Every structure is written in structure tokens, then in C-alpha cells.
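Given next are the chains, with one letter for each unit.
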Amino acid sequence: MNKSKFFFWAVAAMMLTACSNDETEQQTYVADEGEIQLQFVHPAQTRATETAFENTDQIGVYVTAADEPLQIGGNEVNNELFTYNGTSWTSRRKVYWNEGQHNVYAYYPYSKTVNDISDYSFQLQEDQSTQQGFSQSDFLWAGVTSVTASASPVTMKFGHKMSCVIVKLLKGENYTGDIPADTKVYIHSTVTKAVIDLSTGDVAKDDYAGTGSIQAKQLSAAEYTAIVVPQNITTRRPLVEVITEGVSYLMEGKISLKQGMRHTITVTLDKNPEQSKIDIGGEIGGW
């Protein structure tokens, strides 16, 4: 190889190395002194069967002085967007601690528009058969009080604020064959719009909203799940519908859907839909 070619390849290698170093530096986030850093803990992180936060997930954050109430505006930090890159969370713009103690509030999924702190309006996805529809209905909230500026991230543990319904399908004595994989399950007669207090995470159904139907997500061949707004269904009306092989099994039921609780509904299918039955079990904590 002549000297001119050797010089060209040496310069090229140096440029590639420099670019590689630049890319590494761009991917490494270095916080400023006094910058607010937060570590969000998904309630499913201790359960391998559920989904934790994923790349590009977004969270809204408020920060107030410890002795000040959370308001629409005028807080130390107002609905700041934090985005997950797969390993850490960064804010849309750099935000910094003030002196003294602070309260921090966070919610998921993020909304650009929040018109009310005590009655924040949240609409469930009625098609929860996809992971996106399911996760976008799973309202999470976290809050910490009386924290001071720290060089280490403040840990915020989220909790589920909606109710979760698990529908288990069983085969009755007269049901032959396997339950088809393309079976669809719906939750009917529930209000799908909630109002939420962002300072406490408390959720209630919107009393001015009508009822809707939610298509559940399939977990296995005979198990489905849906996220619903906490509410009491006190009169018998269509609650669960199972559609399989062109047959609709529509069953009535009463249920008390509690905030942060998982509820199990067992449906036993029969060859004759009128002989099918529904069994509503008690709530299971720790969702």
C-alpha cells in the first residue's frame, strides 16, 4: 500500500472513532446540579407476567412546595413531560429543585391538556384487545411528599387506579371441543369515562357519561382481561358477552368494581347458550 492510501485509511479510521465517541456521549445523559431526576417504578415490575414501562412511554409530573396545594398552574413544575428511552427517564426540558421541601405527583398515560386537577377527565379505550389499547387504559398514579433536592433520583412507585376484570372461560358438560382461539369477550354496561383527583389518585366514574362496551384482551386460550372504571353495578343487566363460533353468550350480573382491585368472573359455556352460567368472584388485592 502506498503512503497516500495509508494516510487516507488512517484519517478515515480516526473520523469513525471520533463519530463513535460522539454518539456515545450523546446517548449518555448527564444531569445538571440541582436538576430534578425521577425514577418511576411500575406496579408490575415485581411480576414477570405483566408489562412494565416500555420505550417511549410518557408520564406527566407536577411539583409543588410541600405546604402548597396542587393547582392547574403556578406550581413549581406544571405537567412536565418525562419520556422513557428504555433505560432512564428524561424531561422535555430541564427542571430544577427550589429550596425547601416539595411534593411530587406523577401520572400515566401523559396528556398534553389537563383542564382540572381535582376532576381530571380520563376516557378508557373501548378496544382493549391490543396491548396499546389495554396499556393506554391503565391509569397509574404516584406521589411523594416532603422531599428535598437530591443528586440521586427520587423514586416514585406507581399504583393501578382503575379496576381490572379477569374473565375465565370454562367448558360445561355439553360443550364439545376446545374453546376457539378467535373467541371474543366483551364487558358491557359499564361507564368508561372517569374523573380523577391528580393530587390523591382517587378515581370515580363520570356521573354524566353513558355506559359503553369494552373488548377484553386475550391472555390465554380461555382467559381474558379488561380495565374498567371503578363503579357499582347493582341491577342485573348484560355484563359479559362471549362470542365464539358464531354464537353469542350474553350474561347478566351484578358487581362492585373497586379501585386498584382485580376481579374474577368465571363463565361456563354450554352448547345451549341459555344454559351457560356466570359466577362473579371476590376481588383480589395487589394488582
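Look above for the structure.
The structure contained in this document is the topic of the report that follows. Source: prediction; values computed, not measured.

Points about the overall build of the chain
Counting its secondary structure elements, the chain contains two helices and 20 strands. Partitioning the intrachain contacts of the chain with sequence separation of at least 6 by distance along the chain shows that 67% fall at a separation of at least 24. Just so you have it, the chain exposes about 15500 Å², and 48% of that area is on carbon and sulfur atoms.

Notes on the pattern of salt bridges
By the definition in use, this model includes four salt bridges. One salt bridge in this structure joins Glu 252 and Arg 236, with 3.9 Å as the shortest N-O distance. Here Glu 252, found in strand E18 (residues 247-257), pairs with Arg 236, found in strand E17 (residues 231-244); they are 16 residues apart in sequence, far enough to count as distant. Here Glu 252 falls in the partly exposed class, since its relative accessible area comes to 38%. Since its relative accessible area comes to 51%, Arg 236 is described here as exposed.

Quick word on the sheet that holds strand E9 (residues 159-160)
Sheet strands pair by backbone hydrogen bonding; their relative direction is either parallel or antiparallel. Strands sit in the order E4-E3-E2-E5-E7-E9 across an open sheet of six strands; the sheet is antiparallel. A single partner strand is all that each edge strand has here, and the edge strands are strand E4 (89-91) and E9. Taken together, the six bridges between strand E2 (residues 58-65) and strand E5 (residues 101-108) define a ladder with antiparallel strand orientation. Bridge pairing in E5 links Thr 64 to Asn 103.

Digging into the pairing of E2
The element E2 is largely enclosed, with a buried count of seven among its eight residues. In the sheet, E2 pairs with strand E3 (residues 77-84) via five bridges, with the strands oriented antiparallel. Each bridged residue has a counterpart across the sheet, and for Val 61 the counterpart in E3 is Glu 80.

Structural notes on the packing of aromatic side chains
Each aromatic ring pair is specified by the distance between its two centres and by the angle formed by the two planes. On inspection of all chains with the given rule, the structure shows 11 aromatic pairs. Considering the side-chain rings of Phe 40 and Trp 89, the 4.9 Å spacing of their centres and the 85 degrees angle between planes classify their relative orientation as edge-to-face. With Phe 40 in strand E1 (residues 38-41) and Trp 89 in strand E4, the pair connects residues that are 49 residues apart, well separated along the chain. With a centroid separation of 5.6 Å and an interplanar angle of 65 degrees, the aromatic rings of Phe 40 and Phe 158 are classed as edge-to-face. One end of the pair, Phe 40, is in strand E1; the other, Phe 158, is in the loop between strand E8 (154-157) and E9, and 118 residues separate them in sequence. A relative accessible area of 1% places Phe 40 in the buried class.

Cut-offs used in this document
Residues numbered from 1 in each chain as written. Predicted model: local features only at pLDDT ≥ 70, side-chain atom pairs only at ≥ 80, totals over all residues. Heavy atoms only, no water. Helix = DSSP H or I, 4+ residues; strand = E, 2+ residues; numbered from the N terminus. Contact = heavy atoms within 4.5 Å. Areas by Shrake-Rupley, 256 points an atom, 1.4 Å probe, with all protein chains shown as cover. Salt bridge = Lys/Arg side-chain N within 4 Å of Asp/Glu carboxyl O. Buried < 20%, exposed > 50% of the residue type's maximum accessible area, 1.4 Å probe, protein only. Pairing = 2+ DSSP bridges. Phe/Tyr/Trp six-rings, centres within 6.5 Å; stacked < 30°, edge-to-face > 60°.

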